[in-house]
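Report on the structure
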Amino acid sequence: MGSAGLSGAAVVLGTLSMSPAMAAANGGNGYIDLVEEVSPAVVFVEVTAKVQNANSQSSPLNDPRFEEFMKRFGQGMVPQAEPGPRQGQGSGFIISDDGLIVTNHHVIEGAETVTIKLADGTRHDATVIGSDPLTDIALLDIEGQDFPTVAFGSSEELRVGEEVLAVGSPFGLGGTVTSGIISAKSRNINSGPFDDFLQTDAAINRGNSGGPLFNMEGEVVGVNTAIYSPGGGSVGIGFSVPSDLVTDIVADLQDDGEIERSWLGVQIKPVTAEVAHVLGLTADQGVMIEDVVAGSPAEKAGLQAGDVILRFGSHDIADMRDLTRNVASESAGTETEVEVFRGGERIALDVVLATRSDKET
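Residues numbered from 1 in each chain as written. Predicted model: local features only at pLDDT ≥ 70, side-chain atom pairs only at ≥ 80, totals over all residues. Heavy atoms only, no water.

Chain-level pLDDT for the protein is 82 on average; 80% of the residues reach the 70-or-more range. Every residue in residues 1-27 is under pLDDT 50, and counting partners more than four places away or in other chains gives 16 contacts. (pLDDT = per-residue confidence, 0-100. Contact = heavy atoms within 4.5 Å.)

So this is what it looks like as structure tokens:
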């Protein structure tokens, strides 16, 4: 729990006290200064879109296999019973003084109009520069100058237990602030190939989608995206896209509105404990190639079905998402060394990646 929850425990139990060092650290005013600093750059995102079939939404968190697990909190965006416009809402934050805004892909997916409401109450029509359904990140733009901004911090440097603040518009209540900690890092919730979520117990609910998660320096370390919630409300388990991934996606979208990912051209599966034992590997070593696509970079490099990919470039491969992320992060045309285990030996092959379209790896 965050400091608010700890304070409540102190009142009930009467046994919790602050050391002088802790009292000096927050100056006796909690998060007041931090909230005043960052809140002006957090925005309310309103969307109008045409009715679509419910199954047509393409967010990676919309897979029916995970409906019982994931309860998305981008308000609305649900088809109405009768034809007509549908309304959606979420949160976002300004990253440049000329009006660039980050939010979630699923907040603006299928939008005909997007309107941004600033903390000062002013409203602006927004243009969608681009979005990426695989990471659930979108980049918007509003006209104007001298907007308040926030900056990204490093999600890699976060430590489990570190305090964080979530700011957004749950249920349309703009400027709502909640506190908590980083509960875990690198969470895989089976929503897509780029799962690497931060987990937090800061309360986030419907409408918080796309809003920022701040560290105590006022830097954005995550974009709030999903919650575990059997009943649809916050139960203290929320997930944020880590800032180190977001900054890469935003830079790519800002360039031309598109995400360019590379393609290797293999179908892969995990290495089971039994197979690893037979091969003399450990259970966390590598992924096995099931099939190689004809004419793909993998085939041209000499990769074969049955190979176990142990390393891609400088990165050890422990599971399927490791390979997917590392392939996608390399530029098309890049030559990369791939180490595979084949016939009891480790073999190094050079592969030149191609541009990915709708292919997985």
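Within the structure shown, the criterion is met by 8 salt bridges. Residue Arg311 is joined to Glu337 by a salt bridge in which the shortest nitrogen-to-oxygen separation is 2.9 Å. One end of the pair, Arg311, is in strand E17 (residues 308-312); the other, Glu337, is in strand E19 (residues 335-342), with 26 residues separating them in the sequence. The partner of Glu339 in a salt bridge is Arg346, with the nearest N and O atoms 2.7 Å apart. When salt bridges that share partners are traced, they join Arg311, Glu337, Glu339 and Arg346 into one network. (Salt bridge = Lys/Arg side-chain N within 4 Å of Asp/Glu carboxyl O. Helix = DSSP H or I, 4+ residues; strand = E, 2+ residues; numbered from the N terminus.)

Across 4 bridges, E17 lies against E19 in antiparallel orientation. The residue of E19 that forms the bridge with Val308 is Phe341. Of the strand pairs in this sheet, E19 and strand E20 (residues 345-352) are connected by 8 bridges, and their pairing is antiparallel. Opposite Glu337, over in E20, you have Asp350 as the bridge partner. Taking the residues between adjacent antiparallel strands as the criterion, E19 and E20 are bridged by 2 residues, where Gly343 takes a positive phi near 60 degrees. (Pairing = 2+ DSSP bridges.)

Across all of its chains, the model carries 2 aromatic pairs by this definition. A centroid spacing of 5.9 Å and a plane angle of 75 degrees characterise the contact between Phe93 and Phe152, whose relative ring orientation is edge-to-face. Of this pair, Phe93 sits in strand E3 (residues 86-94) while Phe152 is found in the loop between strand E7 (137-142) and strand E8 (163-168), placing the two residues 59 residues apart along the sequence. Relative accessible area serves as the criterion here: at 0%, Phe93 is assigned to the buried category. Consider the rings of Phe197 and Phe239, whose centres lie 6.2 Å apart with planes at 65 degrees: the pair is edge-to-face. Placement of Phe197 in strand E10 (residues 197-200) and of Phe239 in strand E13 (residues 238-242) is noted, with a sequence separation of 42 residues between them. This pair shows no difference in class: Phe197 is buried, exactly as Phe239 is. (Phe/Tyr/Trp six-rings, centres within 6.5 Å; stacked < 30°, edge-to-face > 60°. Buried < 20%, exposed > 50% of the residue type's maximum accessible area, 1.4 Å probe, protein only.)

Bringing the pairing of strand E16 (residues 287-292) into the picture now. Where strand E15 (residues 266-270) and E16 come together, 5 bridges link them in antiparallel fashion. Its bridge partner being in E16, Lys269 is matched across the sheet by Met288. Across 2 bridges, the pairing between E16 and E17 is antiparallel. Opposite Met288, over in E17, you have Val308 as the bridge partner.

This part takes up helix H8 (residues 320-329). Taking burial as the measure, the 10 residues of H8 include 7 buried ones, the bulk of the element. Taken together, the buried positions of H8 are occupied by Arg321, Asp322, Leu323, Thr324, Asn326, Val327 and Ala328. Looking at the buried positions of H8, the neighbouring elements they touch are strand E9 (176-187), strand E14 (262-263), E15, E16, E17 and strand E18 (315-316). Capping of H8 at its N-terminal end is provided by Asp319; its side-chain oxygen lies 3.3 Å from the backbone amide nitrogen of Arg321. (Polar contact = N/O pair within 3.5 Å; in protein donor to acceptor, adjacent residues only side chain to side chain.)

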